[in-house]
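Okay, here's what each chain looks like letter by letter:
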Amino acid sequence: MSRRASLGADRDIILGVLGGRSNEQWIAQYGSSHQHPVNRVCHTLGIPTILLSVPLFIAGIFYHRLWLYALALFLVGWIFQFIGHAFEGKPPEFFHDWRFLLVGVRWWWAKIHGKA
């Protein structure tokens, strides 16, 4: 297989995983179910809290008990998410499509940069 064909195949796989939608379309759909100001604040706080827990879990392999802090951050982050959705009155998007678990991070990044 040529390099060009390989790149085309890789692109097709990525587009398949993305469901034929652009990054902007994913973020727009995510944003449409996160309109309530309390939900937006909860997600603005909860998403980075969850993200912070991941490297702490990994560091917990080497530093005992650090995983307890990671677990606490992870749970608090998810509590923020679900409190926000209680105010929104809609279930989280990832209940319908698991890929929204990753879109939340992209939405948060766009939001802190004034694009969402």
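Look a little higher up for the structure.
As the structure is a prediction and not an experimental result, all values here were calculated from the model.

Re the packing of aromatic side chains
- All told, the structure shown has ten aromatic pairs when counted by the stated rule.
- Ring geometry for Tyr30 and Trp107: centres 5.5 Å apart, planes at 45 degrees, overall tilted. Of the two residues, Tyr30 sits in helix α2 (residues 23-32) while Trp107 sits in helix α5 (residues 100-112), which places them 77 residues apart along the sequence.
- In this structure Trp107 comes out as buried when scored by relative accessible area, which is 0%.
- When the centroid spacing of 5.0 Å and the interplanar angle of 85 degrees are considered together, the rings of Phe94 and Phe95 count as edge-to-face.
- Ring pairs connect the aromatic residues Phe57, Phe74, Trp78, Phe82, Phe94 and Phe95, which therefore count as one cluster.

Considering the environment of Ser32
- Tracing the backbone through its elements, the reader meets Ser32 in helix α2.
- A distance of 2.6 Å separates the side chain of Ser32 from the backbone oxygen of Gln29, its partner in a polar contact.

Rules behind the numbers
Residues numbered from 1 in each chain as written. Predicted model: local features only at pLDDT ≥ 70, side-chain atom pairs only at ≥ 80, totals over all residues. Heavy atoms only, no water. Phe/Tyr/Trp six-rings, centres within 6.5 Å; stacked < 30°, edge-to-face > 60°. Helix = DSSP H or I, 4+ residues; strand = E, 2+ residues; numbered from the N terminus. Buried < 20%, exposed > 50% of the residue type's maximum accessible area, 1.4 Å probe, protein only. Polar contact = N/O pair within 3.5 Å; in protein donor to acceptor, adjacent residues only side chain to side chain.

These figures come from the coordinates and say nothing about function on their own.
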